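# Observations on chain architecture
If you want the building blocks of each chain, they are given just below.
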Amino acid sequence: MTNDDLILQTITPVTHDLGGFKVHRTLPSRPRTMVGPFIFFDQMGPSRLGMGEGIDVRPHPHINLSTVTYLFGGALGHRDSLGSDVVIEPGAVNLMTAGNGIVHSERTPDAARADGPELSGIQTWLAMPEQDEEMAPAFEHVARADLPTVEVSNARARVVMGSLWGATAPTTTYAETIYADIVLDAGGSIPIDAEADERALYIALGEATLDGMTLEPMTLYVLKPGTTATLRSTTGARAMLCGGEAFTTPRHVWWNFVSSRRDRIDEAKRAWTAGEFPKVPGDDKEWIPIPAIPKTVSYP
């Protein structure tokens, strides 16, 4: 099987240096903006910050999407306007459903700052089906022990969302969604089956091949529909498999807002500027102001 038989698109990241750590973004991009419901795909780090330092993402709003946070290393504190106050650690998942409007902050826990905290992981946004966009906001934390792990051929795959390899995660999904964390030991391999309308592989760490094709790190490979292949690594790797049902209607994106309706984003801009979004209990003294972004972008 040739590369053209396997890969529909290859998306290289845009890298942002945020001072002490880097973020590598592959979605949204000009070549492609969604893979299934995934409309935003960021790799944070891997980095180690200086002693006493930490990540401080001030309170900011979202609408009509779900955020999914999954860490490889370190810890991150999440607070939101529902009153959630949870520290996420590696192998667990935080799913925050914005619905008709939510505000949250993300900060390194105080206990992790003294020695210089580690930061390594993936943060994604999922667009919501139109009938669910304006649902009540929600938050759920699924512990590492509650996510199923599949082991095969010196490889382990934790199913974060949806059903893969005969295992199903308890994490809530709205559209059909697949999401998994794959760890390949030296000489490990795992089949990548055709179990979704749209799928993509991302090599976060190490080296891997797909049916003999070398996959570059920090690159998103959108797989052709219906193809099956085997992911392998000679020396070890960590990969994410994501995807799900293809959306048939466009989504508009502006800053932290995603919606099927442009006017809904305009209303969210107005409401955040006017201070009408709910506050984050215990973290309401500062916030991120509306940025100077020129226009809303539409993604089919």
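Below, the structure is looked at part by part. Remember, predicted model here, so these are calculated numbers, not experimental data.

Moving on to the packing of aromatic side chains. Inspection of every chain in the model, using the stated rule, returns 9 aromatic pairs. Between Phe 41 and Tyr 202, the aromatic rings sit 4.8 Å apart at their centres with planes inclined by 50 degrees, giving tilted as the arrangement. Taken together, the residues Phe 41 in strand β4 (residues 38-48) and Tyr 202 in strand β19 (residues 198-206) connect sequence positions 161 residues apart. For the residue pair Phe 41 and Tyr 202, the accessibility class agrees, reading buried in each case. Ring geometry for Trp 254 and Trp 255: centres 6.1 Å apart, planes at 75 degrees, overall edge-to-face.

The next point concerns the sheet that holds strand β17 (residues 177-184). Reading across the sheet, the 7 strands line up as β1-β22-β19-β24-β17-β14-β13 and stay open at both edges, with antiparallel pairing between neighbours. A strand with exactly one partner marks an edge of an open sheet, and here the two such strands are β1 (7-11) and β13 (149-152). Averaged over all pairs of adjacent strands, the angle between strand axes in this sheet comes to 20 degrees, irrespective of strand direction. Bridging between β17 and strand β24 (residues 237-244) involves 8 bridges; their strand directions are antiparallel. Within β24, the position partnered with Leu 184 by the bridge is Ala 237.

What counts as what
- Residues numbered from 1 in each chain as written.
- Predicted model: local features only at pLDDT ≥ 70, side-chain atom pairs only at ≥ 80, totals over all residues.
- Heavy atoms only, no water.
- Phe/Tyr/Trp six-rings, centres within 6.5 Å; stacked < 30°, edge-to-face > 60°.
- Helix = DSSP H or I, 4+ residues; strand = E, 2+ residues; numbered from the N terminus.
- Buried < 20%, exposed > 50% of the residue type's maximum accessible area, 1.4 Å probe, protein only.
- Pairing = 2+ DSSP bridges.
- Axes fitted to C-alpha atoms, helices over the stretch in contact; angles between N-to-C directions.

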